[in-house]
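Remarks on the overall topology
Next come the chains, spelled out residue by residue.
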Amino acid sequence: RVCVLSLLCGIGTALIAALAFRGLKMGRHGETPLTEVVLFWAFSYLSFVLPEVPHLAAIVSSLFAGVFMALYAAPNLSAIARRHLGFVLKSMAVFCDTLIFLLVGLALVLYVDNIDFKLAGVTILACLAGRVLQVFLLSAIVNRCRPRPLPLRFQA
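Structure report, in brief.

The rules we used
- Residues numbered from 1 in each chain as written.
- Predicted model: local features only at pLDDT ≥ 70, side-chain atom pairs only at ≥ 80, totals over all residues.
- Heavy atoms only, no water.
- Core = buried A, V, L, I, M, F, W, Y, C linked by side-chain atoms within 4.5 Å.
- Buried < 20%, exposed > 50% of the residue type's maximum accessible area, 1.4 Å probe, protein only.
- Helix = DSSP H or I, 4+ residues; strand = E, 2+ residues; numbered from the N terminus.
- Contact = heavy atoms within 4.5 Å.
- Expected span 1.5 Å × (residues − 1).
- Axes fitted to C-alpha atoms, helices over the stretch in contact; angles between N-to-C directions.
- Parallel < 35°, antiparallel > 145°, perpendicular 65-115°, else oblique.
- Left-handed = near helix turned anticlockwise from the far one by under 90°.
- Nonpolar A, V, L, I, M, F, W, Y, C, P; charged D, E, K, R; others polar.

It is worth spelling out the nonpolar core at this point. One finds Ala17, Phe21, Phe40, Met69, Ala73 and Leu77 to be the most contacted residues of the largest nonpolar core, which totals 14 residues. Listing elements by their share of this core, those giving two or more residues are helix H1 (2-24), helix H3 (33-52), helix H4 (58-73) and helix H5 (79-111). If one sorts the elements of this core by residue count, H1 sits on top with four residues. Among residues more than four places away in sequence, those in contact with Leu77 are Phe21, Gly27, Glu36, Phe40, Arg82 and Leu85.

Right, here's the structure in full:
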């Protein structure tokens, strides 16, 4: 039930955004690209905040809002706004990724008293070994089905 309501919340937010952009006809003239970008971001954030209030799954809502906003809201933006929006969203994504890794690293140092370096080393090696096996195994499977196999330099 929670997942379905979250999904509907995300889709609903995206469709309201698409209708708002189409109704305001912002993308037709291209005179207000900054306003278009800010409104697009606000609708994206709304798709996360709205399901948080009744304790639904905000990440599910955001996922479906992103898919539907890309399909229905983004085409109603001006070309300038779409270009700027891509840059803004990419910058925000890189910033948030960096912040998450920073916070995880700080949490490890600040909240863990005894660090078992042997366990950390084994974990890192296991992750690297799993990644190597995954990439080369999946690449071998894909190469059997492709007329032109993936070269080794694209697998690394």
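After presenting the structure, the write-up continues.
Right, let's talk about H1 for a bit. For H1, built from 23 residues, the straight-helix expectation of 33 Å at 1.5 Å per residue is met to within 8% by its first-to-last C-alpha distance of 33 Å. By the burial criterion, the buried members of H1 are Ser6, Cys9, Gly10, Ile11, Thr13, Ala14, Ala17, Ala18 and Phe21. The inward-facing, buried residues of H1 abut helix H2 (26-29), H3 and H4. Lys25 sits one or two positions beyond H1 and adopts a positive phi of about 55°.

Structurally, Val49 is set in helix H3. Overall, the relative accessible area of 31% leaves Val49 in the partly exposed class. Residues Val49 and Leu103, spaced 54 residues apart in sequence, show a C-alpha to C-alpha distance of 22 Å.

Moving on, we get to the packing of H3 against H5. The contact between H3 and H5 brings their axes to 9 Å, and the two run at 45°. The orientation of H3 with respect to H5, classified from their angle, is oblique. For the pair H3 and H5, the sense of crossing is right-handed. From H3, Pro33, Glu36, Val37, Phe40 and Trp41 reach across to H5, where they touch Ile80, Ala81, His84, Leu85, Val88, Leu89 and Met92. Class assignment for the residues of the contact of H3 with H5 results in ten nonpolar, one polar and one charged.

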